Amino acid sequence: MATQLATPGAAETGLLTYQELHDRLRAVGGARYHHRHPFHLRMHKGELTRGQLQAWALNRYYYQSRIPIKDALLLAKSDDPAFRRTWRKRILDHDGDTDGYGGVEKWIQLAEATGLERNYVISGKGLLPGVIFAVDAYLALVRDSSLLVAVASSLTELFSRDLISLRMDQMRIHYPYLIPGLAYFQGRLTQAPEDAAFALDYVSTHAKTRAEQEQVIRALERKCEILWAQLDAIDYAYVQPGNIPPGCFVPQTDAG
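Residues numbered from 1 in each chain as written. Predicted model: local features only at pLDDT ≥ 70, side-chain atom pairs only at ≥ 80, totals over all residues. Heavy atoms only, no water.

Visitor: Any chance you could explain the overall build of the protein chain here in plain terms?
Guide: Each helix and strand counted, the protein chain has eleven helices and zero strands in total. Its helices and strands in sequence order give the protein chain the pattern α-α-α-α-α-α-α-α-α-α-α, from N to C terminus. The C-alpha atoms of the protein chain give 18 Å as radius of gyration, which agrees with the globular expectation for 256 residues (18 Å, within 12%). Along the first, second and third principal axes, the C-alpha atoms of the protein chain reach 55 × 40 × 35 Å. Taking the contacts inside the protein chain whose residues are at least 6 apart along the sequence as the reference set, 80% of them involve residues at least 24 apart. (Helix = DSSP H or I, 4+ residues; strand = E, 2+ residues; numbered from the N terminus. Rg over C-alpha atoms; globule rule 2.2 N^0.38 Å. Contact = heavy atoms within 4.5 Å.)

Visitor: Honestly, the confidence of the model for the protein chain in this entry has me stumped. Any pointers?
Guide: In low-pLDDT segments, the atomic positions of the prediction should not be examined closely. Per-residue confidence for the protein chain gives a mean pLDDT of 93; residues scoring 70 or more make up 93%. Scored below 50 in pLDDT, residues 7-11 shows five contacts in the model against residues more than four places distant or in partner chains. (pLDDT = per-residue confidence, 0-100.)

Visitor: Even after reading the chapter, I still don't get the packing of helix H2 (residues 38-45) against helix H3 (residues 50-75), so can you show me in this structure?
Guide: The relative placement of two packed helices is expressed as an angle between their axes plus a distance between the axes. In the contact formed by H2 and H3, the axes pass within 12 Å of each other and the chain directions differ by 130°. Here H2 is positioned oblique relative to H3, judged by the angle of their axes. You can see that H2 and H3 cross each other, and the crossing is left-handed. Facing Phe39, His40 and Met43 of H2, the residues of H3 in contact are Gln52, Leu53 and Trp56. Of the residues in the contact of H2 with H3, the class split is four nonpolar, two polar and no charged. (Axes fitted to C-alpha atoms, helices over the stretch in contact; angles between N-to-C directions. Parallel < 35°, antiparallel > 145°, perpendicular 65-115°, else oblique. Left-handed = near helix turned anticlockwise from the far one by under 90°. Nonpolar A, V, L, I, M, F, W, Y, C, P; charged D, E, K, R; others polar.)

Visitor: In this structure, what is going on with the environment of isoleucine 67? I would like to understand it.
Guide: Considering the arrangement of structural elements, one finds isoleucine 67 in helix H3. Residues isoleucine 67 and valine 149, 82 residues apart in the sequence, show an inter-C-alpha distance of 16 Å.

Visitor: Before we go on, may I ask you to explain the pattern of salt bridges in this structure?
Guide: Any two side chains of opposite charge can pair, so long as their charged atoms come close to each other. In total, this model carries 19 salt bridges according to the counting rule given. The network of salt bridges with common partners includes Lys89, Arg90, Asp93, Glu157, Arg188, Glu194 and Asp195. (Salt bridge = Lys/Arg side-chain N within 4 Å of Asp/Glu carboxyl O.)

Visitor: I keep staring at helix H4 (residues 81-95) and nothing clicks. Help me out?
Guide: An α-helical turn contains 3.6 residues, so a residue and the one three or four places further along point in the same direction. Here H4 is 15 residues long and its end C-alpha atoms lie 21 Å apart, about the 21 Å a rise of 1.5 Å per residue gives. Among the residues of H4, those classed as buried are Phe83, Trp87, Arg90, Ile91, Asp93 and His94. Check the buried side of H4 and you find it contacts H3, helix H5 (103-114), helix H8 (147-152), helix H9 (157-174) and helix H10 (183-206). The opening residue of H4, the one whose side-chain oxygen lies 3.0 Å from the backbone nitrogen of alanine 82, is aspartate 80. Of the residues one or two after H4, glycine 96 is the one with positive phi, at around 80°. (Expected span 1.5 Å × (residues − 1). Buried < 20%, exposed > 50% of the residue type's maximum accessible area, 1.4 Å probe, protein only. Polar contact = N/O pair within 3.5 Å; in protein donor to acceptor, adjacent residues only side chain to side chain.)

Visitor: Whenever I open this one, the packing of H5 against H10 confuses me. Can you help?
Guide: Contact geometry of H5 with H10 gives a least axis separation of 8 Å together with a crossing angle of 140°. Every residue of H10 that contacts H5 at Gly103, Lys106, Trp107 and Leu110 is listed here: Ala183, Tyr184 and Phe185.

Visitor: Sorry if this is basic, but what is going on with the packing of aromatic side chains here?
Guide: For any two aromatic rings, the description comes down to two numbers: the centre-to-centre distance and the angle of the planes. Per the stated rule, a full pass over the model turns up 13 aromatic pairs. Aromatic pair tyrosine 63 and tyrosine 138: ring centres 6.2 Å apart, planes at 20°, arrangement stacked. With tyrosine 63 in helix H3 and tyrosine 138 in helix H7 (residues 129-144), this residue pair connects regions lying 75 residues apart in the sequence. These aromatic residues form a ring-pair network of at least three members: Trp56, Trp107, Tyr184 and Phe185. Taking NZ or CZ as reference, arginine 50 lies 3.7 Å from the ring centre of tyrosine 177, over its face. For the cation-ring pair, arginine 90 lies above tryptophan 87, with the distance from its terminal atom to the ring centre recorded as 3.7 Å. (Phe/Tyr/Trp six-rings, centres within 6.5 Å; stacked < 30°, edge-to-face > 60°. Lys NZ or Arg CZ within 6 Å of the ring centre and 35° of its normal.)

Visitor: I'm lost on unusual backbone geometry in this one. Help?
Guide: Of note, the bond from glutamine 240 into proline 241 is cis; its omega dihedral lies within 30 degrees of zero at 5°. For proline 241, the location among the structural elements is in the segment after helix H11 (210-238).

Visitor: I tried to follow the environment of leucine 73 on my own but got confused; where do I start?
Guide: Position of leucine 73 relative to the elements: it lies in helix H3. Through-space distance from the C-alpha of leucine 73 to that of leucine 147 is 9.8 Å; in sequence the pair is 74 residues apart. If sequence neighbours within four positions are ignored, leucine 73 has contacts with Leu139, Val142 and Arg143.

Here it is as structure tokens:
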């Protein structure tokens, strides 16, 4: 049975309007989305070394590789063919429909641009435990929650386009060796807004009670926490204080 996110303090005082719900969701993004994380701020200022970018690309690959699995779990919750036809696009976007050339493959190419070996990235070796735990928590959230909550957890895509645009611009300036690997971000500039619009419409329509609306908001908060936790693990291991756990990836160079 699907579990529901707890909504402490949520009172059945009447439905939020369409605009009020959207405002609450956007406020979550403004306050909690990982565009504010110190690791991303350093990245956009050009302050990360090649080794630190390698660690980021490697660990983020685990998240990217699990997105189509997350979407498959979500699809299995729906008995609506129209919903499934729309949502399955996400799996094709990441897995690709010819020889796997989708977002996951494009992320591997980004990791290669940092100097990592393709087979090492795919192997899953060297990943930080904190990143694995955070990503697996996202899979568990989708697997164990209602369809409404699972869809709501994807709403970080509402905020990703601006972050992606900034990231691409700053990478071209500060890390030109990454330019051959930026195809993933280019694709997401159009995919993410389309996906977010569908998910936002879905939760706005299917959250029938104030309690369900609060569950939607909490799901987005939870997803933001998961994204933040991934960067916390990377920042702690490779930036400050630089405490790399045993068995995890060790950069071979600190050059910029």
